[in-house]
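Commentary on secondary and tertiary structure
Residue strings, one per chain:
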Amino acid sequence: MRSELSHLDTPSLLIDVDRMERNLKEMADIAADAGVALRPHIKTHKSPTLALRQIELGAHGVTVAKIGEADVMADAGIKNIRIAYPIVGPEKLARLARLMESAEVSVSLDNFEVARGLSQLGESLGKKIPILLKINTGLARVGVTPPEAVPLGTQLAALPGVDLVGILTHEGQAMREHSLEGAKRAAREAGKIMVDTAEQMRAAGLNIREVSVGSTATAREIAYVRGVTEIRPGTYVFNDVNEISVGVASEETCALTVHATIVSIPADDRAILDAGSKTLTSDLLGGSPSNGYGFIKGYSNVKIARLTEEHGILELQHAKPTFEVGQRVEIIPNHVCPVVNLADVMYLMKNGECQGQVEVLARGKSR
Ligand SMILES: Cc1ncc(COP(=O)(O)O)c(C=O)c1O
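Residues numbered from 1 in each chain as written. Predicted model: local features only at pLDDT ≥ 70, side-chain atom pairs only at ≥ 80, totals over all residues. Heavy atoms only, no water.

Digging into the pattern of salt bridges
Side-chain pairs of opposite charge can arise whenever the charged atoms involved come near each other. Summed over all chains, the structure comprises 20 salt bridges. Among the ionic pairs, Arg 363 bridges to Asp 344, the shortest N-O distance being 2.3 Å. In this pair, Arg 363 sits in the segment after strand E18 (353-359) while Asp 344 sits in the loop between helix H11 (336-341) and strand E17 (345-350), placing the two residues 19 residues apart along the sequence. Overall, the relative accessible area of 55% leaves Asp 344 in the exposed class. A single network of salt bridges, built from pairs that share partners, joins Glu 21, Lys 25, Arg 53 and Glu 56. (Salt bridge = Lys/Arg side-chain N within 4 Å of Asp/Glu carboxyl O. Helix = DSSP H or I, 4+ residues; strand = E, 2+ residues; numbered from the N terminus. Buried < 20%, exposed > 50% of the residue type's maximum accessible area, 1.4 Å probe, protein only.)

What to know about the site of the ligand
Around the ligand lies a shell of 13 residues, among which Arg 141, Thr 216, Arg 232, Gly 234 and Thr 235 are the nearest. Arg 232 is positioned such that a nitrogen or oxygen atom in its side chain is 3.0 Å from a nitrogen atom of the ligand. Considering the ligand on its own, with 390 Å² of exposed area, one finds that the protein chains cover 92% of that surface. Each residue belonging to the shell around the ligand can be placed in one class, and the counts come to 2 nonpolar, 7 polar and 4 charged. (Near = heavy atom within 4 Å. Polar contact = N/O pair within 3.5 Å; in protein donor to acceptor, adjacent residues only side chain to side chain. Areas by Shrake-Rupley, 256 points an atom, 1.4 Å probe, with all protein chains shown as cover. Nonpolar A, V, L, I, M, F, W, Y, C, P; charged D, E, K, R; others polar.)

Examining the nonpolar core
Grouped together as the largest cluster of nonpolar side chains are 100 residues, with contacts concentrated most on Leu 118 and Phe 238. If you tally residues by element for this core, the top one is helix H1 (residues 17-34), at 7 residues. Two domains each provide a minimum of three residues to this core, namely domain 1 (19-237) and domain 2 (251-359). When sequence neighbours within four positions are dropped, the list of residues in contact with Leu 118 reads Ile 87, Leu 93, Leu 96, Val 107, Leu 109, Ile 129, Ile 131, Gly 161 and Val 162. Core analysis: the second largest hydrophobic core is formed by 6 residues, Leu 14, Val 345, Tyr 347 and Met 349 among them. (Core = buried A, V, L, I, M, F, W, Y, C linked by side-chain atoms within 4.5 Å. Domains from an automatic or database assignment. Contact = heavy atoms within 4.5 Å.)

Observations concerning the sheet that holds strand E6 (residues 104-109)
The sheet built from 8 strands is open, its strands ordered E3-E10-E9-E8-E7-E6-E5-E4 with parallel pairing. The outermost strands of the open sheet, each flanked by one partner alone, are strand E3 (37-38) and strand E4 (62-64). For strand E5 (residues 80-83) and E6, the ladder comprises 4 bridges, and the chain directions are parallel. In the strand pairing of E6, Ile 81 is matched with Val 105. Against the sheet, helix H6 (residues 146-157) makes contact with E6, strand E7 (129-134) and strand E8 (162-168), and its axis sits at roughly 165° relative to E7, the strand it touches most. (Pairing = 2+ DSSP bridges. Axes fitted to C-alpha atoms, helices over the stretch in contact; angles between N-to-C directions.)

Comments concerning the domain arrangement of the protein
What the domain assignment lists for the protein is domain 1 (19-237) and domain 2 (251-359). The distance between the C-alpha centroids of domain 1 and domain 2 comes to 33 Å. Counting residues at the interface gives 12 residues for domain 1, matched by 14 residues for domain 2. On inspection of domain 1 and its partner domain 2, the count reaches 0 salt bridges.

Quick notes on the packing of H6 against helix H7 (residues 180-203)
With their axes 9 Å apart at the nearest point, H6 and H7 run at an angle of 30° to one another. Considering their axes alone, H6 and H7 lie roughly parallel with respect to each other. For the crossing formed where H6 meets H7, the hand is right-handed. Packed against H6, whose contacting residues are Pro 146, Ala 149, Val 150 and Gly 153, the element H7 presents Ile 193, Thr 197, Gln 200 and Met 201 at the interface. Of the residues contributing to the contact of H6 with H7, the split by class is 5 nonpolar, 3 polar and no charged. (Parallel < 35°, antiparallel > 145°, perpendicular 65-115°, else oblique. Left-handed = near helix turned anticlockwise from the far one by under 90°.)

Describing the pairing of strand E9 (residues 210-213)
Pairing geometry for E8 and E9, over 3 bridges, is parallel. By the bridge assignment, Leu 168 is partnered in E9 with Ser 212. Where E9 meets strand E10 (residues 230-231), 2 bridges bridge the pair, whose relative direction is parallel. For Ser 212, the partnering residue across the bridge sits in E10 and is Glu 230.

Structural notes on unusual backbone geometry
A cis amide bond, omega -5°, links Thr 10 with the succeeding residue Pro 11. As for its position among the elements, Pro 11 is in the loop between strand E1 (3-4) and strand E2 (12-16). If you check the backbone angles, Lys 46 has positive phi at about 50° while not being a glycine. Position of Lys 46 among the secondary structure elements: in the loop between E3 and helix H2 (48-56). Here Lys 46 falls in the buried class, since its relative accessible area comes to 7%. Although it is not a glycine, Ala 140 adopts a positive phi angle of roughly 60°. Secondary-structure assignment places Ala 140 in the loop between E7 and H6.

Comments concerning the environment of Arg 185
One can find Arg 185 in helix H7. You can call Arg 185 partly exposed: its relative accessible area is 40%.

Overview of the environment of Glu 353
Within the secondary structure, Glu 353 is located in strand E18. Its relative accessible area of 27% is what places Glu 353 among the partly exposed residues. In sequence terms Glu 353 and Val 165 are 188 residues apart; their C-alpha atoms lie 46 Å from each other.

Structure, rendered in structure tokens:
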């Protein structure tokens, strides 16, 4: 399938293939240079095609949040899957058992109850399911505090149907920083907490082999913290306004844009796009409406000020650019992952031509 850009209907998600390839290679090179494993989180692209490309470039497996995402990756032949999310309840445990028939699966968790369910499953299958204890290094989501790691780790290690292989964190607190220096500091701090925690657990007799960390904002720094064994960035494949604001991406490294059309200019100070919250999501940069709902390339002084489901309302008063009905614009999303989640396909663009498409097969897998 080849077609001119102007033949693609809007709103559409377009991938600049050269930029994406550069992003993928850069992270693969960083992991190789630092001597750590790369296990990208597929939450950003949700596409087995792109996951396989990451593996081709050196990733040794993928990270997912949900069993439904893992199923899509396993169906595409991906053999090494880490579910960085607690698996709770008999339905999910039964699905995990089926998934484990076709892939090596490990699971992260932060409490004894979840580990006990996994251990019972492991025992019934005659296997030890690899688990990682999740540590809270500052995000305050799932995760135990470092002092809790030794006592809980000791309890987990005694369970017969699981193998406590390591510890894992998501240092998403780095996204609260507004400078590259801040993000680097957050990365070093999280890395040190993790390495120290692993050492304390080993000193208590626990066989901790993996120290898994890393997001797009921190990977370039935390990969080099001695003792870290794995990084799991996700957003780096495309980047977005969030990553630009932290200082780890630029307009030039953003590989996915939403193409939208001006469908109405009802007043001097207002124009309407055919992309609303159903396309761009309602994610605001840093939660603040002052930055709008995405960045329109070439129009830095035009704000996507409001969204309804099908309409993006542009505020023109500070700029008065000459828009025309029918004109197309390119938007870098604030947060690219949920934008991809709303699309069926992403178009692959090279030299202004569409060269194919990838299906977002793992979209909407909330279970
Ligand atoms: C557990 C976990 N690992 C890795 C990532 C990837 O982080 P990023 O998308 O910032 O690169 C995420 C993102 O939410 C995550 O939740």
